[in-house]
Amino acid sequence: MKQSIDSAWDDHPVDPDDQEDTPPAWWIVNLIEVDWAGEAGAPRAVGGVGGRDLEGIDDLRIQVVLEVPGTTERIAAHLAPATARRLRAALATALRTIGEPIDRPEDGGAPTGG
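Conventions we followed
- Residues numbered from 1 in each chain as written.
- Predicted model: local features only at pLDDT ≥ 70, side-chain atom pairs only at ≥ 80, totals over all residues.
- Heavy atoms only, no water.
- Helix = DSSP H or I, 4+ residues; strand = E, 2+ residues; numbered from the N terminus.
- Contact = heavy atoms within 4.5 Å.
- Areas by Shrake-Rupley, 256 points an atom, 1.4 Å probe, with all protein chains shown as cover.
- Polar contact = N/O pair within 3.5 Å; in protein donor to acceptor, adjacent residues only side chain to side chain.

Trainee: Got a minute to help me understand the overall build of the protein in this structure?
Mentor: Each helix and strand in the protein was counted, giving two helices and five strands. Each helix and strand of the protein, placed in order from N terminus to C terminus, yields the pattern β-α-β-β-β-β-α. In the protein, 47% of the contacts between residues at least 6 apart in sequence involve partners at least 24 apart. Total accessible area on the protein stands at roughly 8,100 Å², and carbon and sulfur atoms take up 54% of it.

Trainee: Can you walk me through the side chain of His12 in this structure?
Mentor: With respect to the helices, strands and loops of the structure, His12 is situated in the loop between strand E1 (2-9) and helix H1 (16-21). Reaching out from His12, the side chain makes a polar contact with the side chain of Asp10 at a distance of 3.2 Å.

Trainee: Whenever I open this one, the environment of Gln63 confuses me. Can you help?
Mentor: Following the sequence through the fold, Gln63 ends up in strand E4 (residues 60-67). Sequence separation of Gln63 and Ile5 is 58 residues, and the distance between their C-alpha atoms is 9.7 Å. Among all residues touching Gln63, those that are not within four sequence positions of it are Lys2, Ile28, Val29, Asn30, Ile32, Ala76, Ala77 and His78. At a separation of 3.3 Å, a polar atom in the side chain of Gln63 contacts the side chain of His78.

Take a look at the structure:
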């Protein structure tokens, strides 16, 4: 099972000199059921979702994929719920550090007073 949650371009600097060392990226967040019987024990997504009830699925992961457009370069992280919460906390800390609230209603998030 694999369910797409969200995807978008990163907010890459416009400086063309920066494009060579750090090209723009497309990020994707998926919810996946993993099958640990893949090659070398690597997780792989299985099946399809289409409104399927998630109850009874043993091993769910949040998959975060970064792709470099125009290439075959891609990296995927498979995060257990605890690791996804740790990433969420790190992003919240980074937002607070630059003086931004954690969620803004105009971005689709509920205000948290952060």
